[in-house]
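Reading the structure
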Amino acid sequence: MDESLETVLVEFDEDNGIGTLTMNRPDALNALSAQLRDDIVAGLELLEAETEGADGVALRAVVLEGAGEKAFCAGADIGGFSDESAGDTSARSHYDVIRDFPAPVVAKIDGYCLGGGLETALACDFRLASESSTFGFPEVNLGILPGAGGVQYVTKIAGPAVAKELAMTGDHISAARAGEEGIVNHVYADDEFDEEVDAFVTDLAGQAPLAIQSIKKSADMAVHSGLEEGLAYDRSLFQELLKTEDHAEGAAAFAEDREPEFEGK
Ligand code: CO8
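Read on for an overview of the structure. Throughout, a residue's number is its position along its own chain's written sequence, starting from 1. Per-residue local features are limited, in this predicted model, to residues with pLDDT of at least 70; the limit for side-chain atom pairs, both in listing and counting, is 80 or more; totals at the level of whole chains, interfaces and linings are taken over all residues.

Moving on: the site of the ligand. Around the ligand, the structure places 22 residues, and the nearest of them are Ala-31, Gly-75, Gly-115, Gly-116 and Gly-147. By residue class, the composition of the shell around the ligand is 13 nonpolar, 7 polar and 2 charged. Here, nearness is defined through the C-beta atom: a residue counts as near a molecule or strand if that backbone-placed atom lies within 6 Å of it. Residues are grouped as follows: Ala, Val, Leu, Ile, Met, Phe, Trp, Tyr, Cys and Pro are nonpolar; Asp, Glu, Lys and Arg are charged; all remaining types, including Gly, are polar.

The structure is reproduced here in C-alpha cells:
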C-alpha cells in the first residue's frame, strides 16, 4: 500500500509488516499544522484498516519519520497558533492516537526534534536518532510551555532537573546528551542511520505481535498506575498470552532449535 495524504505519506510493506508514515512538510521543517496532525491520525487509521481482517496480525510496527534533510519535526506550526486548534485539549490528538495505537510506533529522528515534535516522538514507543539530531523545548521563547505532556514525560524519563533545563532554557541538546538522559533509545552514526533503524524495526516486527501489544499496554500502565495494580494487570496479560498460538510456536521453536514464525494468533 502506498497512499499520499495532503501532508503525510503512508506506506505498508506486506513482506515484513512494517508501516511507514512520513510527515511531509519539509519546507516548514515538518511543523505540526492542523492538517499534519489530522493526517498523522488518518494515516495511522488507514494502516490499521488496511491491515485488519487478515489472518493473524499483519501490521507489526510503524515508523514515523520526517521528510527532507533537516528535521524530524520543528514543533507546532507557529504561524497557525492563533487561528486553529493547537491549544485544543478536548479532541483526541495525534499524541493520544500514537500512544494507544496497537502496533509499536518508532520515531525515526534525523535532524531537529523540537517542541511538539519532541512531544510527538515522546508519544512513540521508541526514539531512534541520528547523531546530528538535536532536541529541545523552545516553547518558553514563545511564552508557553510544552502543552502535550513534554515536561511530564521527560520528568518521568530523566528527572525534573533535566525536564526543567530543557523547558526553562529552550536550549537545544545533542543526540548524544538525549541518549545519555534516556530521552532516546539509540543514537546511530549518520552514515549508518537508515540501516541501523531498518535492523531495529525489522527485529521488532519479527517478534510475537500479541506479546508486543501486551508489553506496550503493560509499560504504559506502569507509567500511571501503582505497582500492585500494574503487577495484577501483567498477570492477567500473561495468562492471556499463555493461550496464544504464538506462545506455542515460540516454545516449539525453542525446543526444535529453530527461529519462530509468529502470526499474531
Ligand atoms: N512552525 C512553522 N514554520 C517553521 C517552524 C515552526 N515551528 N520551524 C521552522 N519553520 C519554517 C521557517 O519559518 C522557515 O520557513 P521559510 O523558509 O518559509 O522562511 C523554514 O521552516 C526553515 O526554517 P529556518 O530557516 O528557521 O531554518 P534554520 O535551520 O535556520 O532554523 C530552527 C531551524 C532552529 C528549527 C528554527 O526554524 C526554529 O527555531 N523554529 C521554531 C522552533 C519552535 O519554536 N518550535 C516550537 C513551536 S511551539 C510548540 O511546538 C508547542 C507545542 C504545544 C502543543 C500543545 C498541544 C495541546
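Here the narrative resumes, following the displayed structure.
One non-glycine residue, Leu-29, adopts positive backbone phi at about 50°. With a phi close to 55°, Asn-30 is a non-glycine residue in the positive phi region. Going along the chain from the N terminus, every DSSP run of H or I of four or more residues is numbered as a helix, and every run of E of two or more is numbered as a strand. Along the chain, the position of Asn-30 falls in the loop between strand 3 (18–23) and helix 1 (34–51). For Asn-30, a count of 30 C-beta atoms within 10 Å corresponds to the buried category. Any residue with 12 or fewer other C-beta atoms within 10 Å of its own C-beta is exposed, any with 20 or more is buried, and the rest are partly exposed; the C-beta atoms used are placed from the backbone.

Turning to the pairing of strand 3, a few remarks are in order. Two faces make up the sheet, and in a regular strand the side chains alternate between them. Most of strand 3 sits inside the fold, with 6 of its 6 residues counted as buried. Counting the residues in the hairpin turn of strand 2 (residues 8–13) and strand 3 gives 4 residues, including Gly-17, whose phi is positive at 75°. Think of it this way: DSSP has to see at least two bridges between two strands before they count as a pair. Examined bridge by bridge, strand 3 and strand 4 (residues 61–66) share 6 bridges and lie parallel to one another. Bridge pairing links Thr-22 to Glu-65 in strand 4.

What follows is about the sheet that holds strand 3. Spatially, 1-2-3-4-6-8-11 is the arrangement adopted by the 7 strands of the open sheet, whose pairing is mixed. Two strands bound the open sheet, and with one partner strand each, they are strand 1 (2–4) and strand 11 (186–188). In this sheet, adjacent strand axes meet at a mean angle of 20° when their direction is disregarded. With 3 bridges joining them, strand 8 (residues 126–130) and strand 11 adopt parallel strand pairing. When the sheet's bridge partners are listed, Ala-129 is paired in strand 11 with Val-187. Comment: axis = line fitted to C-alpha atoms, over the contacting stretch for helices; angle = value between 0 and 180 degrees taken between N-to-C directions.

Here 4 strands make up an open sheet; going across it, the order is 5-7-9-10 and the pairing mixed. Strand pairing shows two members of the sheet lacking a second neighbour, strand 5 (71–73) and strand 10 (173–174), which therefore form its edges. Across 2 bridges, the pairing between strand 9 (residues 134–136) and strand 10 is antiparallel. When the bridges of strand 10 are listed, Thr-134 appears paired with Ser-174. Contacting strand 5, strand 7 (112–114) and strand 9, helix 3 (residues 116–123) runs over the sheet at an angle of about 90° to strand 7. A pair of residues counts as a contact when their C-beta atoms, built from backbone coordinates, are within 7 Å of each other.

Along an α-helix, residues three or four positions apart point the same way, because every turn accommodates 3.6 residues. Taking 1.5 Å as the rise per residue, helix 9 (residues 227–242) with 16 residues should run 22 Å; its terminal C-alpha atoms sit 22 Å apart, in good agreement. Counting buried residues in helix 9 gives 0 out of 16 residues, a small share hidden from the surface. Residue count minus one, scaled by 1.5 Å, sets the expected span of a helix.

A few words on the environment of Gly-79. Following the sequence through the fold, Gly-79 ends up in the loop between strand 5 and helix 2 (94–100). Residue classification places Gly-79 among the exposed positions, given that 11 C-beta atoms sit within 10 Å. In this structure, the C-alpha to C-alpha distance between Gly-79 and Ser-33, residues 46 residues apart in sequence, is 8.7 Å.

Next up on the list: the nonpolar core. Judged by nonpolar contacts, the single largest core of 63 residues is most densely connected at Val-62, Val-106 and Cys-113. Sorting elements by how many residues they give to this core places helix 7 (residues 193–206) first, with 5 residues. Sequence-distant contacts of Val-62, that is, excluding residues within four places in its chain, are made with Gly-19, Leu-21, Leu-47, Phe-101, Ala-103, Val-105 and Val-106. In this usage, the nonpolar core is the set of buried Ala, Val, Leu, Ile, Met, Phe, Trp, Tyr and Cys residues whose C-beta atoms join them within 7 Å.

This part is about the packing of helix 8 (residues 209–224) against helix 9. Between helix 8 and helix 9, whose axes approach to 10 Å, the crossing angle comes to 175°. Between helix 8 and helix 9, the interaxial angle falls into the category roughly antiparallel. Mapping the contact onto sequence places Leu-210, Ala-211, Ser-214, Lys-217, Ser-218, Met-221 and Ala-222 in helix 8 and Gly-230, Tyr-233, Asp-234, Leu-237 and Leu-241 in helix 9. Looking at the contact of helix 8 with helix 9 residue by residue, the class counts come to 7 nonpolar, 3 polar and 2 charged. Reported orientations rely on four angle classes, namely roughly parallel under 35 degrees, roughly antiparallel over 145, roughly perpendicular from 65 to 115, and oblique for the rest.

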